[in-house]
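Tertiary structure, described
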Amino acid sequence: MTTTDTPVNNGVNVQALLDARNALVDAPEAAQFTWKASTEWKGGTHSHSVVEEFFGLGDDQAHRTTFTFDADHPEVFASEDHGATPVEFVLVGLASCLTAGVAAVAQNRGIQLNSVTATIEGDMDILGILGGDPEVRNGFNHIKVKYDIDADASQEDIEALVAQSQKRSAVFDVITNPTNVTVEVN
Amino acid sequence: MIGAGHAGLAVSHFLSQRSIDHIVVERGEVANTWRTERWDSLRLLTPNWQSRLPGLEYDGDDPDGYMTMPEVIGFIDSYAKATTAPLRTHTTVKSLRPNHDGYEVVTDDGTWSAPTVVLATGGFNLADIPAIADDVPGSLETVTPLQYRAPERLPDGGVLVVGASATGIQIAEEVHASGRPVTLSVGEHVRLPRVYRGKDIMWWLDRTGVLDERWDEVDDLVRARNIPSPQLVGTPERRTLDLNALTDQGVRLVGRVAGIVDGKAQLSGSLRNLCNLADLKMDRLLGTIDDWVTENGMEGEVDAPHRFIPTRVEESPPISLDLADGAISTVIWATGFRPDYSWLHARVLDRKGRLRHDAGVVTGAPGLYRIGLTMLRRRKSSFIHGAEDDARDLIDHLAAYVGVGAPV
């Protein structure tokens, strides 16, 4: 860990997070969150999704603004490519979750970050989704994330940041562990 | 006093020193758990020189060795005899509840009323098995470490050992060596070398002050109290038993068992990161030790610093394991232990069934104390030698509560 003259500022309010943890351990029902999105089909493989509200701290909550996402498939899939492919959203989710974690852990450990870049790749055999080979799964065979981090810390401390970020990441957990999914039709 | 293990006897020592009238109730013999709930080959993880209790030091001829279970039982037995603790063995506590005097303790051999009670009932009474264990196919044998004695008592065939802390790695090694191929499911773990720079790792943890770190000094008490037991084994050769050693012996490492569906175990894809985390944490500890050696000018007295080979993990470890195809006939749940409080009828447990306490002083129950839990008051709290300082502190508190002065 490095000691600097100026206080470390990665723009993460770690104290608020630690206070929240202490408060929620005593009020576990407030820790129950529900994340939401709604998706509308636009035509072809193109869909338009809106993220606006969520539930947490015992009440309905809303983002400061409404976020929208267009998803589609690329032209090699004979689609019109109006947006990123859904599996790319998964990669974005993982990389952005891990990166947020790197910043939070760095702040907590007193490490100043100068730049953080992640590149992420997910390997997939599309014979799975095409139904061309019953032994091939639909999802990724392997996901690889590479980080380039410039920080006022040793290589070992930087590696520890990235490792700890994976340990505390929601999306890393979602991808590496099974989750029950229920899909119903009204 | 409930429980006549090493911790209960250490508490009794300090009570006697202050002439506080007390009785030690024990459901079996002295050191009962060590007699009945440990596997045959187990030795302590701490070296003999570290096996000490208030007023008793190890005086044998092998200070760097590790006690076998009969040796541990003999050690605690001799302590019980030397301290003339007022013992009531073969007396099982059926219930403890508050009454007008303090607490009513109902046993199968009479009822006591006491203004103060110290619980020294052990931290490892029950195997802490995840709910998914119910989904293991019925054709498989399932075993907990409390039931496990020796590999020969297991059915032939492959064995899935779930959990890679001290218990899991030791059982995995001897089961695999018995000709039952072991698959080891690895979750979060703590990697430590047995010996570093020529000294036992426990020597370093003792000497550098890590084991004396107090509960009010660590930056994350929740984590410190839930930290898995380190990957260590006590052997005459002072061997390091880490995941690389197990891989070399042919044990297969897989990810944490995250679920079991249709007879297939779903394995977490986090294996590489958990191994990496443990390697990084070990290296950080070794760095702390190296710094301490330098600061104390001890370079000439110990071996040169070095680092260990990072844990080897397959490029793409399996993410599922068929439990129904006959290759695996036994599952051993080495997923940790928890205390049994089923007889405790006081509002002192949290929503997860854990005792609420501030470093051994039970919350909301004046006069009730607890000893012998991981990180109760110090990092060494769960070790035999950790009982002394914790017992002294708690009896200081207890004496003030009942209005007894300092020992004469």
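What counts, and at which threshold
- Residues numbered from 1 in each chain as written.
- Chains lettered and ligands numbered in written order.
- Predicted model: local features only at pLDDT ≥ 70, side-chain atom pairs only at ≥ 80, totals over all residues.
- Heavy atoms only, no water.
- Helix = DSSP H or I, 4+ residues; strand = E, 2+ residues; numbered from the N terminus.
- Rg over C-alpha atoms; globule rule 2.2 N^0.38 Å.
- Buried < 20%, exposed > 50% of the residue type's maximum accessible area, 1.4 Å probe, protein only.
- Contact = heavy atoms within 4.5 Å.
- Core = buried A, V, L, I, M, F, W, Y, C linked by side-chain atoms within 4.5 Å.
- Domains from an automatic or database assignment.
- Buried area = accessible area lost by both parts, 1.4 Å probe.
- Salt bridge = Lys/Arg side-chain N within 4 Å of Asp/Glu carboxyl O.
- Axes fitted to C-alpha atoms, helices over the stretch in contact; angles between N-to-C directions.
- Parallel < 35°, antiparallel > 145°, perpendicular 65-115°, else oblique.
- Left-handed = near helix turned anticlockwise from the far one by under 90°.
- Polar contact = N/O pair within 3.5 Å; in protein donor to acceptor, adjacent residues only side chain to side chain.
- Nonpolar A, V, L, I, M, F, W, Y, C, P; charged D, E, K, R; others polar.
- Phe/Tyr/Trp six-rings, centres within 6.5 Å; stacked < 30°, edge-to-face > 60°.
- Lys NZ or Arg CZ within 6 Å of the ring centre and 35° of its normal.
- Pairing = 2+ DSSP bridges.

1. Here we look at the overall build of chain B
Counting its secondary structure elements, chain B contains 9 helices and 21 strands. Taking 2.2 N^0.38 as the reference for a compact globule, 408 residues should give roughly 22 Å; the C-alpha atoms of chain B span a radius of gyration of 22 Å, in line with that estimate. Here the C-alpha coordinates of chain B stretch approximately 65 × 60 × 40 Å along the principal axes. Here chain B holds 408 residues, and 54% of them are scored as buried. In chain B, the proportion of contacts linking residues at least 24 apart, taken out of those at least 6 apart, comes to 70%.

2. Quick notes on the nonpolar core
All names here are of chain B. The biggest cluster of nonpolar side chains holds 83 residues, and the ones touching the most others in it are Leu 96 and Leu 184. When residues in this core are grouped by element, the largest group, 7 residues, is from helix α3 (residues 69–83). Here this core spans two domains, since at least three of its residues come from each of domain 1 (6–125 + 339–402) and domain 2 (127–333). Excluding anything up to four places from it in sequence, Leu 184 contacts Val 161, Gly 163, Ala 164, Gly 168, Ile 169, Ala 172, Leu 243, Leu 246, Val 251, Arg 252, Leu 253 and Val 254. Ranked by size, the runner-up nonpolar core spans 20 residues in total, among them Leu 205, Leu 285, Val 302 and Phe 383.

3. Let's talk about the domain arrangement of chain B
All names here are of chain B. Here chain B is described as being made up of domain 1 (6–125 + 339–402) and domain 2 (127–333). One C-alpha centre belongs to domain 1, the other to domain 2, and the line joining them spans 27 Å. Contact between domain 1 and domain 2 buries roughly 2700 Å² in total, counting both sides, with carbon and sulfur atoms accounting for 53%. For the interface between domain 1 and domain 2, the tally reads 3 salt bridges.

4. A look at the packing of helix α1 (residues 6–17) of chain B against α3(B)
Residue and element names in this part refer to chain B. Look at α1 against α3: their axes get within 10 Å of each other, and the N-to-C directions meet at 20°. The angle between the axes of α1 and α3 places the two elements in the roughly parallel class. In this structure, the crossing between α1 and α3 has a hand that is left-handed. Contacts between α1 and α3 pair His 6, Leu 9, Ala 10 and His 13 from the former with Ile 76, Tyr 79, Ala 80 and Thr 83 from the latter.

5. Quick word on the interface of chain B and chain A
Counting from both sides, the interface comprises 22 residues of chain B and, opposite them, 17 residues of chain A. Surface buried jointly by chain B and chain A totals about 1500 Å² across both partners, of which 50% is contributed by carbon and sulfur atoms. The largest share of the area that chain B buries against chain A comes from B:Asn273, B:Leu277 and B:Leu280, three residues that together contribute 31% of it. Run the count over chain B and chain A and you get 2 salt bridges. Of the charged contacts, one joins B:Asp220 and A:Arg21 as a salt bridge, the two residues approaching to 3.1 Å between their closest N and O atoms. On inspection of chain B and its partner chain A, the count reaches 7 residue pairs in polar contact (both at pLDDT 80 or more). Elements with a contribution of two residues or more to the side of chain B that touches chain A: α6 (221–225), β15 (264–267) and α8 (271–295) of chain B. In terms of residues, the side of chain B that touches chain A owes the most to one element, α8(B), which gives 7 residues. Class assignment of the residues belonging to the side of chain B that touches chain A gives a composition of 6 nonpolar, 7 polar and 9 charged.

6. Things to note about the domain arrangement of chain A
For interface size, the figure often reported is the accessible area lost on association. Residue and element names in this part refer to chain A. Per the domain assignment, the segments making up chain A are domain 1 (33–80) and domain 2 (85–176). Summarising the inter-unit geometry, the C-alpha centres of domain 1 and domain 2 are found 21 Å apart. Each partner contributes residues to the interface: domain 1 has 7 residues there, and domain 2 has 5 residues. Regarding the contact of domain 1 and domain 2, the summed buried area is about 420 Å², with carbon and sulfur atoms giving 79% of it. Here domain 1 and domain 2 share 0 salt bridges between them. Along the lines of polarity and charge, the residues of the side of domain 1 that touches domain 2 split into 4 nonpolar, 1 polar and 2 charged.

7. Looking at the packing of aromatic side chains
Residues and elements named next belong to chain B. According to the stated counting rule, one finds 10 aromatic pairs over all chains in the structure shown. With centroids separated by 6.3 Å and ring planes inclined at 50°, the aromatic side chains of Tyr 196 and Phe 308 adopt a geometry described as tilted. Here the residue Tyr 196 occupies a position in strand β11 (residues 195–196), and Phe 308 occupies one in the loop between α8 and β16 (320–322), the gap between them amounting to 112 residues. Among the residues examined, Phe 308 registers a relative accessible area of 22% and is labelled partly exposed. Consider the rings of Trp 204 and Trp 292, whose centres lie 6.3 Å apart with planes at 85°: the pair is edge-to-face. Of this pair, Trp 204 sits in helix α5 (residues 201–207) while Trp 292 sits in helix α8, and the two are 88 residues apart along the sequence. An aromatic cluster of three or more residues is present, and its members are Tyr 196, Trp 203, Trp 204, Trp 292 and Phe 308. We note Arg 38 situated over the ring of Trp 34; from NZ or CZ to the ring centre the distance is 5.1 Å.

8. As for the sheet that holds strand β10 (residues 182–186) of chain B
All names here are of chain B. One open sheet holds the 5 strands; their spatial order is β8-β17-β9-β10-β13, and the pairing between them is parallel. The open sheet is flanked by β8 (141–143) and β13 (252–255), the only strands paired with a single partner. This sheet shows a mean twist of 25° between the axes of neighbouring strands, independent of strand direction. When β10 meets β13, the two strands line up parallel, connected through 4 bridges. Within the sheet, the bridge partner assigned to Ser 185 lies in β13 and is Val 254. Docked against the sheet, helix α4 (residues 166–177) engages β9 (158–162), β10 and β17 (328–333), running at close to 165° with respect to β10.

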